[in-house]
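In case you want the letters, here they are:
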Amino acid sequence: MKIKIDELKNLSMKTLEKIGFSNEDSKTITEHLVSAELCGKKSHGIVRIPRLKAQVEQGKIKTISDDPGIVKETPISLHVDGKFKTALVVLDWAMNKAIPKAKKNMVCFVGTKNVGPVSGMIGYFARKVAKEDLILLGFNNSPAGLTPQGSKESLWGTNPFTVGIPTNKTDLPIILDMASSRMTFGDVMVHVALNKMLPEGTSLDKEGNPTTDPKKASEGSQLPFEGRKGSGLAMIVEILAGPLVGSKGGNTVPGAQWGSFFVLLNPELFRSVKELKNDVEKMIQELKNSKKQEGVDEIFYPGEKSGKKMLENLKTKEVEVVDELIKQLKEI
């Protein structure tokens with residue numbers, strides 16, 4: 001169903017406050033989840049709210065109004081203790097502190113630990129940083145939900161690697177936000193909500209057997225993209241967003257299951273932002289003007305389609321949302 005953006009935000013705010021989040025945190029979470037809806041990333045949109053409710057009830061997320069704590073801080077780094085608040089709030093708080101540091105000191109390294117579910121759409125933070133004329137490299141781990149190449153056990157998270165790069169169009173930065181798995185857990189959740197079968201070769205049940213049943217996949221794990229390549233990326237992200245910052249690593253290194261490691265780079269470290277943007281624009285145009293394969297009308301750079309979809313939805317002031325999810329929020 002189509003719903004007005006303001007109406008969706010209002011419903012999200014009321015639901016999150018009912019769950020126990022403060023007004024400020026509800027606003028932060030809502031902005032993130034609705035942005036995902038606007039970008040067409042349904043897997044990271046309001047489908048997350050019923051799960052946030054369950055995680056609060058299970059004690060995995062603290063709804064305290066306190067800000068996250070700082071474990072260690074230098075002019076170019078920030079190590080954050082999330083106090084088990086949801087990563088949606090902790091990462092936004094950390095980015096707001098890291099951006100001024102990167103602008104002033106050319107770089108800022110951010111690590112977060114003791115963070116509760118969920119990290120959400122990391123491209124949201126990449127877009128936020130890129131709009132400030134900074135570059136972001138992001139690594140985020142999550143509970144075991146990916147089975148490595150050759151294994152039958154779920155060891156690592158679906159662990160996204162994320163990059164944000166500013167362009168001459170402020171609202172359309174380059175955003176690469178890719179999971180290490182063929183399918184994100186959020187996509188599985190959407191398939192559960194729609195009672196829709198999964199593509200073959202994406203998921204395993206809890207016994208490690210292939211499945212296309214989304215409910216069985218939600219209790220099992222996901223397979224890495226391109227086999228060993230995705231498996232290798234998942235392990236690297238697991239280490240950088242886990243043991244490096246004091247979070248979990250696999251099922252043997254203890255720690256909270258939503259660690260993050262970000263690098264914010266100021267292009268001025270090497271040259272002016274304007275020079276970088278102009279060269280990036282040349283590369284974009286070369287890509288879009290290159291000879292196209294049969295059946296291809298337009299070539300898009302990373303993040304362009306989702307960025308344009310967001311702008312289109314903002315223009316109409318409404319967005320398409322699964323009816324069942326709206327019903328669930330109203331019930332909460």
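Provided above is the structure to which this section pertains.
Since we're looking at a predicted model, the values are computed, not measured. (Residues numbered from 1 in each chain as written. Predicted model: local features only at pLDDT ≥ 70, side-chain atom pairs only at ≥ 80, totals over all residues. Heavy atoms only, no water.)

**Q** Residue-level account of the overall build of the chain, with values.
**A** Scanning the chain from terminus to terminus reveals 11 helices and 12 strands. Rg of the C-alpha trace for the chain: 20 Å, near the compact-globule value of 20 Å for 332 residues, within the 12% margin. Seen through its principal axes, the chain has C-alpha atoms that stretch 55 × 50 × 45 Å. Within the chain, buried positions represent 50% of all 332 residues. Residue pairs at least 24 apart in sequence account for 65% of intrachain contacts in the chain once pairs closer than 6 positions are excluded. (Helix = DSSP H or I, 4+ residues; strand = E, 2+ residues; numbered from the N terminus. Rg over C-alpha atoms; globule rule 2.2 N^0.38 Å. Buried < 20%, exposed > 50% of the residue type's maximum accessible area, 1.4 Å probe, protein only. Contact = heavy atoms within 4.5 Å.)

**Q** Tell me about the sheet that holds strand β4 (residues 107-113), and please be specific about residues and values.
**A** Overall, mixed pairing links the 7 strands, which are arranged β2-β3-β4-β11-β5-β6-β7 in an open sheet. Two strands in the sheet have a free side with no partner beyond their single neighbour: β2 (69-74) and β7 (174-178). In this sheet, neighbouring strand axes are inclined to one another by 10° on average, regardless of whether the strands run parallel or antiparallel. Where β2 meets strand β3 (residues 77-81), 5 bridges bridge the pair, whose relative direction is antiparallel. Note that in β3 the partner of Glu73 across the bridge is Leu78. Lying over the sheet, helix α4 (residues 87-105) contacts β2, β3, β4, β5 (135-140) and β11 (260-265), oriented at roughly 160° with respect to β4. (Pairing = 2+ DSSP bridges. Axes fitted to C-alpha atoms, helices over the stretch in contact; angles between N-to-C directions.)

**Q** Which residues make up the pairing of β11, and what are the values?
**A** Counting buried residues in β11 gives 5 out of 6 residues, a clear majority hidden from the surface. Bridging between β4 and β11 involves 6 bridges; their strand directions are antiparallel. Looking at β11, one finds that Gly111 is bridged to Phe261.

**Q** Which residues make up the side chain of Ser260, and what values do they have?
**A** With respect to the helices and strands, Ser260 occurs in strand β11. Engagement of the side chain of Ser260 in a polar contact is seen with the side chain of Asn140, the distance being 2.4 Å. If we ignore the near neighbours within four places in the chain, the residues touching Ser260 are Leu91, Val110, Gly111, Thr112, Phe139, Asn140, Ala241 and Val245. (Polar contact = N/O pair within 3.5 Å; in protein donor to acceptor, adjacent residues only side chain to side chain.)

**Q** Before we move on, can you summarise unusual backbone geometry with the specific residues and values?
**A** A cis amide bond links Pro117 with the next residue in sequence, Val118, at an omega value of -10°. With respect to the secondary-structure elements, Val118 resides in the loop between β4 and α5 (122-130). One non-glycine residue, Phe84, lies in the positive phi region at around 65°. In this structure, Phe84 sits in the loop between β3 and α4. Of note, Asn159 is a non-glycine position whose phi angle comes to about 20°, a positive value. Residue placement: Asn159 occurs in the loop between β5 and β6 (161-165).

**Q** Can you explain the layout of surface pockets? Please cite residues and give values.
**A** Approximately 270 Å³ is the volume attributed to the second largest pocket. Residue lining of the second largest pocket: 15 residues in total, with Val47, Pro50, Arg51, Met189 and Val192 positioned closest to the centre. When contributions to the lining of the second largest pocket are tallied by element, the ones reaching two or more residues are α3 (48-57), α6 (185-194) and α11 (323-331). The greatest single-element share of the lining of the second largest pocket, amounting to 5 residues, is contributed by α6. The class makeup of the residues in the lining of the second largest pocket is 9 nonpolar, 4 polar and 2 charged. (1 Å grid on protein atoms, 1.4 Å probe; cavity = no way out; pocket = protein on both sides within 12 Å on 5 of 7 lines; lining within 4 Å. Points joined across faces, edges and corners; volume = space filled by probe spheres on them. Nonpolar A, V, L, I, M, F, W, Y, C, P; charged D, E, K, R; others polar.)

**Q** Describe the pattern of salt bridges, with residues and values.
**A** Considering all chains together, one arrives at 18 salt bridges under this definition. Between Lys85 and Asp25 there is a salt bridge whose closest N-O contact spans 2.9 Å. Here Lys85, found in the loop between β3 and α4, pairs with Asp25, found in helix α2 (residues 23-39); they are 60 residues apart in sequence, far enough to count as distant. The buried category is assigned to Asp25, whose relative accessible area is 7%. (Salt bridge = Lys/Arg side-chain N within 4 Å of Asp/Glu carboxyl O.)

**Q** Could you give an account of a negative patch on the surface, with specific residues and numbers?
**A** Together, Glu320, Asp323, Glu324 and Glu331 line one region of the surface with negative charge. With 3 residues, the top contributor of residues to the negative patch is α11. Secondary-structure assignment places Glu331 in helix α11. (Patch = residues over 30% accessible without salt bridge, like charges linked within 9 Å, V, L, I, M, F, W, Y side chains within 5 Å. Areas by Shrake-Rupley, 256 points an atom, 1.4 Å probe, with all protein chains shown as cover. Lys, Arg positive; Asp, Glu negative; His and termini not counted. Charge placed at Lys NZ, Arg CZ, Asp CG, Glu CD.)

**Q** An account of α2 is needed here, citing residue identities and associated values.
**A** The α-helix winds at 3.6 residues per turn, so residues separated by three or four positions along the chain end up facing the same way. In a regular helix each residue adds 1.5 Å, so 17 residues correspond to 24 Å; α2 covers 24 Å between its end C-alpha atoms and thus fits that length. Burial analysis of α2 places 13 of its 17 residues in the buried class, the great majority of the element. Remark: Gly40 follows α2 within two positions and exhibits a positive phi of approximately 85°. (Expected span 1.5 Å × (residues − 1).)

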